[in-house]
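Chain residues, written in single-letter form:
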Amino acid sequence: MRYFLDTEFNGFGGQLMSVALTPEFGNHEFYAVLPLPEMIEPWVERNVVPYLHMVPDTLDLRVDPVTAAHEVAAYLSTDDDPVIVADWPEDIALFCRLLMPGPAEIVELRGLRFELLRTPGFSTARNSKVPHNALHDARALRDFVLDGEGI
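Residues numbered from 1 in each chain as written. Predicted model: local features only at pLDDT ≥ 70, side-chain atom pairs only at ≥ 80, totals over all residues. Heavy atoms only, no water.

## Looking at the overall build of the protein chain
The number of helices and strands found in the protein chain is 5 helices and 6 strands. Counted from the first residue to the last, the protein chain has its helices and strands arranged as β-β-β-α-β-α-β-α-β-α-α. Against the globule reference of 15 Å for 151 residues, the protein chain gives a C-alpha radius of gyration of 14 Å, in line with a compact fold. Its C-alpha atoms give the protein chain principal-axis dimensions of about 45 × 35 × 30 Å. The buried share of the protein chain, taken over its 151 residues, is 50%. For the protein chain, restricting intrachain contacts to residue pairs at least 6 apart in sequence, the fraction spanning at least 24 positions comes to 66%. Summed over its atoms, the accessible surface of the protein chain is roughly 8,100 Å², and 55% of this surface lies on carbon and sulfur atoms. Side-chain charges in the protein chain split into 11 positive and 24 negative, and the spacing between the mean points of these groups amounts to 5 Å. (Helix = DSSP H or I, 4+ residues; strand = E, 2+ residues; numbered from the N terminus. Rg over C-alpha atoms; globule rule 2.2 N^0.38 Å. Buried < 20%, exposed > 50% of the residue type's maximum accessible area, 1.4 Å probe, protein only. Contact = heavy atoms within 4.5 Å. Areas by Shrake-Rupley, 256 points an atom, 1.4 Å probe, with all protein chains shown as cover. Lys, Arg positive; Asp, Glu negative; His and termini not counted. Charge placed at Lys NZ, Arg CZ, Asp CG, Glu CD.)

Printed below as a string of structure tokens:
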């Protein structure tokens, strides 16, 4: 199954702040907020931080990166062939980095595939119910892709 990915991070090349996966089918979603960096970019402080916790209480998982990595692995563990879909390369890079909780370590996963979509004219933030919240942005990406496929 495909899982639509979005992340929020502290500016270009910055630290991961939240990560979300929403499945192609069903409503079992993953969302985690990681500890915020000491110094937050001004744009991120204004446009991301206020919206980090605007999700259902059942999904607001506030965890350290190691716990988040294992939670992602558990979330994907029942799928034999998960495909992670994103529209921004940094989302994939940060997601992959999250899966490495320590030096020479990777969380227990059977495997993953990634699909990077080019979506000219589409913006997750402009189409999201809560712009710059990873979960709402992941939902917007999923809806855009599935609508385009007629699903």
